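# Chains, contacts and geometry: an overview
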Amino acid sequence: MADEVVPPVVAAKKPVRPRAAFDTQAVKQLALTATIARTAQRPECAPRLAEREISAAFVADLLTDEAACQAKIAQASNLRTTKKDITATEAEAKKTLLERTTDIQSAASLKWSGQPAHKGDREAYGIGKPLRSLSRPNLETVMVGISQRLTTDTLPGITPAKITTFNDALAAWQATDISQSTQATDAAQLLIEAKAELEDITERRLKLQRAADATFPYYAKENAALRSEFGLPKTRPFRPV
């Protein structure tokens with residue numbers, strides 16, 4: 001009897017944890033900074049920290065900058081939420097535009113139906129194309145083309161009022177794309193600025209913590225609670241990673 005082949009044991013892969021959004025980590029870091037700075041302002045702490053070159057102005061500036069950075073991140077978050085709202089508006093605007101297009105296509109089909117020589121005219125109005133599934137750039141190309149044709153073509157039943165309604169629907173749909181792009185760009189720029197500001201805030205917060213670590217040493221048991229408020233280990237020196 002042949003030896004039984006035992007399949008090799010393959011270690012299970014650890015699940016990949018998604019990286020936390022910058023916003024979440026930044027807000028935590030900023031909250032820590034605010035707590036530490038407010039602790040530094042306490043009457044029993046401020047004079048002793050001043051001896052370590054941590055002035056009242058240094059702490060006040062740190063709190064001001066922390067609040068400004070916090071506000072910038074919140075603004076970026078609001079812009080991204082607004083972008084989601086605009087996306088929903090875009091879907092509704094697209095639906096309205098396609099509804100306006102149906103009447104125009106029907107008129108174009110009526111005018112040139114059964115005329116092989118006018119196949120190109122029908123195609124210019126998007127007849128036969130899956131408009132709902134086209135990419136936004138391709139759909140916009142078709143719609144702009146229809147708008148341009150309507151400046152010279154005369155279609156049965158398509159009045160100037162209907163043409164205006166179609167053009168208004170097209171303009172409304174196009175505006176949503178511009179708005180989405182603007183919101184996304186503004187949010188990205190705010191986060192870039194916030195990241196740079198957070199780096200500077202963190203450096204100053206670490207300076208404050210190092211001063212507190214020296215001012216309220218870990219080996220003095222009475223400092224344990226205060227060290228905790230400064231974000232410092234209670235039983236060992238502060239060694240930030």
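That block above? That's the structure.
Quick summary incoming for the structure in this document.

About the cut-offs
Residues numbered from 1 in each chain as written. Predicted model: local features only at pLDDT ≥ 70, side-chain atom pairs only at ≥ 80, totals over all residues. Heavy atoms only, no water. Helix = DSSP H or I, 4+ residues; strand = E, 2+ residues; numbered from the N terminus. Expected span 1.5 Å × (residues − 1). Buried < 20%, exposed > 50% of the residue type's maximum accessible area, 1.4 Å probe, protein only. Arc of directions from axis to C-beta. Polar contact = N/O pair within 3.5 Å; in protein donor to acceptor, adjacent residues only side chain to side chain. Contact = heavy atoms within 4.5 Å.

Between its terminal C-alpha atoms helix 5 (residues 136-149) stretches 20 Å, which fits the 20 Å expected from 14 residues at 1.5 Å a residue. Of all the residues in helix 5, the buried ones are R136, L139, V142, M143, I146 and S147. Axial view of helix 5: buried residues confined to an arc of 140°, hence all on one face. In helix 5, the exposed residues that point more than 90 degrees away from the buried face are P137, T141 and Q148.

This paragraph deals with unusual backbone geometry. As a rule of thumb, non-glycine residues mostly have phi less than zero, and peptide bonds are mostly trans rather than cis. Of note in this structure, E53 is not a glycine but carries a positive phi near 70°. Its location among the elements puts E53 in the loop between helix 2 (46-50) and helix 3 (56-112).

We now examine the side chain of N223. When you line up the elements, N223 lands in the loop between helix 6 (160-215) and helix 7 (224-229). A distance of 3.1 Å separates a polar side-chain atom of N223 from the backbone oxygen of P217. What N223 contacts, discounting residues up to four positions off in sequence, is F216 and P217.

This next bit is on the side chain of T33. Secondary-structure assignment places T33 in helix 1 (residues 22-40). The exposure class assigned to T33 is buried, which follows from its relative accessible area of 1%. Not counting residues up to four positions away in its chain, the partners in contact with T33 are L62, E66, I201 and R205.

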